[in-house]
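# Reading the structure
As a plain string of letters, each chain reads:
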Amino acid sequence: MDIFIKFLVAAVGAGTPLLFGTVGEILTEKTGHLNLGVEGMMSIGACIGFMVGYYTDNFFLALLFAAVSGALSALIYAVLTVTFMANQNVTGLTLTIFGIGFANFIGIFVLNKSPEGTLKLPERITAAMRGIHIPGLSDIPVLGELLFSYSPFVYIGVFIAVVCAYYLNRTKVGLNLKAVGENPGAADAAGIRITKVKYLNIILGGAICGIGGVYCSMIINGGVWISNNVGGLGWIAVALVIFANWQPSYAILGSFVFGALRVLKYYIPQNVFPFPIAFYDMLPFLMTALVLVISSMRKSGRINLPAALGLNYYREER
């Protein structure tokens, strides 16, 4: 039982960066824009957030700069696809290539200047990232460990997902956003400022992805800088958007499921399932492929798919 509880706790932690990436991409896709640059935005957030934390010894400042860098990288995508009507798929892929290359370049540049030969976050930040202990609640048997023992990132991610779900489904601005993604021509005729809505939400989605990226460099890698630290999680997040049916609240469950697949190799008995470790490393990506295949075959799984997704809006043609 104790091993199972630890597995669930580890699954939540492993799924947290996916939650940030998925919610950020949901906001972007609700505008009608498919941004395949999630991996790149997360990589830039991972790099900038880590470096700010390394030099300033301030956890919240690192978090802020990770979000800002993710937002700025999304702004590049928004300018190209919203203003200049560039192809969304090509622009997103380019952003991914640029983001990964930029992060690795900055990381290696700073690493070469480090007298220790390595980049490790200061103890003050490492302490701030540890699991929160809430007196009384964290000491409850089973529930205390399952609900009140995580790093601040986990609670921030769940909070953002819940707020975004409320924003999309219960606010006028959120409903306007969904209208833009469904039929930008009709939304424009109704007086909704299409360009403003697209820019704001694409940038907001990038900021959320940036926070997910800094989780990878700070938590998953133990506060030590490693190149390519996002490790394909951005691509899984893109598929999780479909798995979550474009609903931020469902993204919480989806990220937990994929997080469980990521840590399964550490908890499954090898004498019962004697598969090589590479098989378990493959599982999240195999599941990603299955989600894409099954969703393309089932129309019911795409009920919340924005009708104008991937299509640039030309006002002169409405």
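Here, every reference points to the structure presented above.
The sections below set out a description of the structure shown in this document. Owing to the predicted nature of the structure, the values given are computational and were not obtained by experimental measurement.

### Some points on helix H11 (residues 233-243)
The buried count for H11 comes to 9 of 11 residues, which makes it a mostly enclosed element. Taken as a whole, H11 has its buried residues at Leu 233, Gly 234, Ile 236, Ala 237, Val 238, Ala 239, Leu 240, Val 241 and Ile 242. Where H11 is buried, its residues contact helix H1 (2-29), helix H2 (38-56), helix H10 (194-220), helix H12 (248-263) and helix H13 (277-297). Positive backbone phi, at 55°, marks Asn 245, one or two positions downstream of H11.

### Focus: the packing of H2 against H10
Following both chains from N to C, one finds H2 and H10 inclined at 60°, their axes separated by 6 Å at the closest point. Taken together, the axes of H2 and H10 lie oblique to each other. Crossing angle aside, the handedness with which H2 passes H10 is right-handed. Of the residues in H10, those touching H2 at Val 38, Met 41, Met 42, Gly 45, Ala 46, Gly 49 and Phe 50 are Gly 206, Cys 209, Gly 210, Gly 212, Gly 213, Val 214, Cys 216, Ser 217 and Met 218. Class assignment for the residues of the contact of H2 with H10 results in 9 nonpolar, 7 polar and no charged.

### Focus on the environment of Ala 67
Assignment of secondary structure puts Ala 67 in helix H3 (residues 59-83). You can call Ala 67 buried: its relative accessible area is 15%. Considered as a pair, Ala 67 and Ala 307 are 240 residues apart in the sequence and their alpha carbons are 29 Å apart. Those residues within four positions of Ala 67 in sequence are excluded, and the remaining contacts are Ala 207 and Ile 211.

### Overview of the packing of aromatic side chains
A complete count under the given rule lists 14 aromatic pairs for this structure. Seen in terms of ring centroids, Phe 7 and Tyr 267 are 5.6 Å apart; in terms of plane orientation they differ by 65°. Their pairing is edge-to-face. Placement of Phe 7 in helix H1 and of Tyr 267 in the loop between H12 and H13 is noted, with a sequence separation of 260 residues between them. By relative accessible area, which is 30% here, Tyr 267 ends up partly exposed. Members of the aromatic cluster, each reached through a chain of ring pairs, are Phe 59, Phe 60, Phe 153 and Tyr 215.

### Regarding unusual backbone geometry
A positive phi is found at Asn 228, a non-glycine position, where the angle reads about 55°. The topology assignment puts Asn 228 in the loop between H10 and H11. Backbone geometry places Trp 246, a non-glycine residue, at a positive phi of 60°. With respect to the helices and strands, Trp 246 occurs in the loop between H11 and H12. Residue classification places Trp 246 among the buried positions, given a relative accessible area of 3%.

### Notes on the pattern of salt bridges
Counted according to the given criterion, the structure contains 4 salt bridges. For Lys 265, the salt bridge goes to Asp 281, with nearest N and O atoms at 2.5 Å. Of the two residues, Lys 265 is situated in the loop between H12 and H13 and Asp 281 in helix H13; the sequence distance between them amounts to 16 residues. With a relative accessible area of 19%, Lys 265 lands in the buried category.

### Re the nonpolar core
Val 23, Phe 153 and Met 218 are the most contacted members of the largest nonpolar core, which has 68 residues in total. In terms of residues, this core owes the most to one element, H10, which gives 12 residues. Contacts of Val 23, omitting those with residues within four sequence positions, involve Ile 160, Ala 161, Cys 164, Ile 208, Pro 248 and Ala 251. Phe 7, Ala 11, Ala 14 and Val 263 belong to the second-largest nonpolar core, a separate cluster that totals 6 residues.

So, how was this worked out
Residues numbered from 1 in each chain as written. Predicted model: local features only at pLDDT ≥ 70, side-chain atom pairs only at ≥ 80, totals over all residues. Heavy atoms only, no water. Buried < 20%, exposed > 50% of the residue type's maximum accessible area, 1.4 Å probe, protein only. Helix = DSSP H or I, 4+ residues; strand = E, 2+ residues; numbered from the N terminus. Contact = heavy atoms within 4.5 Å. Axes fitted to C-alpha atoms, helices over the stretch in contact; angles between N-to-C directions. Parallel < 35°, antiparallel > 145°, perpendicular 65-115°, else oblique. Left-handed = near helix turned anticlockwise from the far one by under 90°. Nonpolar A, V, L, I, M, F, W, Y, C, P; charged D, E, K, R; others polar. Phe/Tyr/Trp six-rings, centres within 6.5 Å; stacked < 30°, edge-to-face > 60°. Salt bridge = Lys/Arg side-chain N within 4 Å of Asp/Glu carboxyl O. Core = buried A, V, L, I, M, F, W, Y, C linked by side-chain atoms within 4.5 Å.

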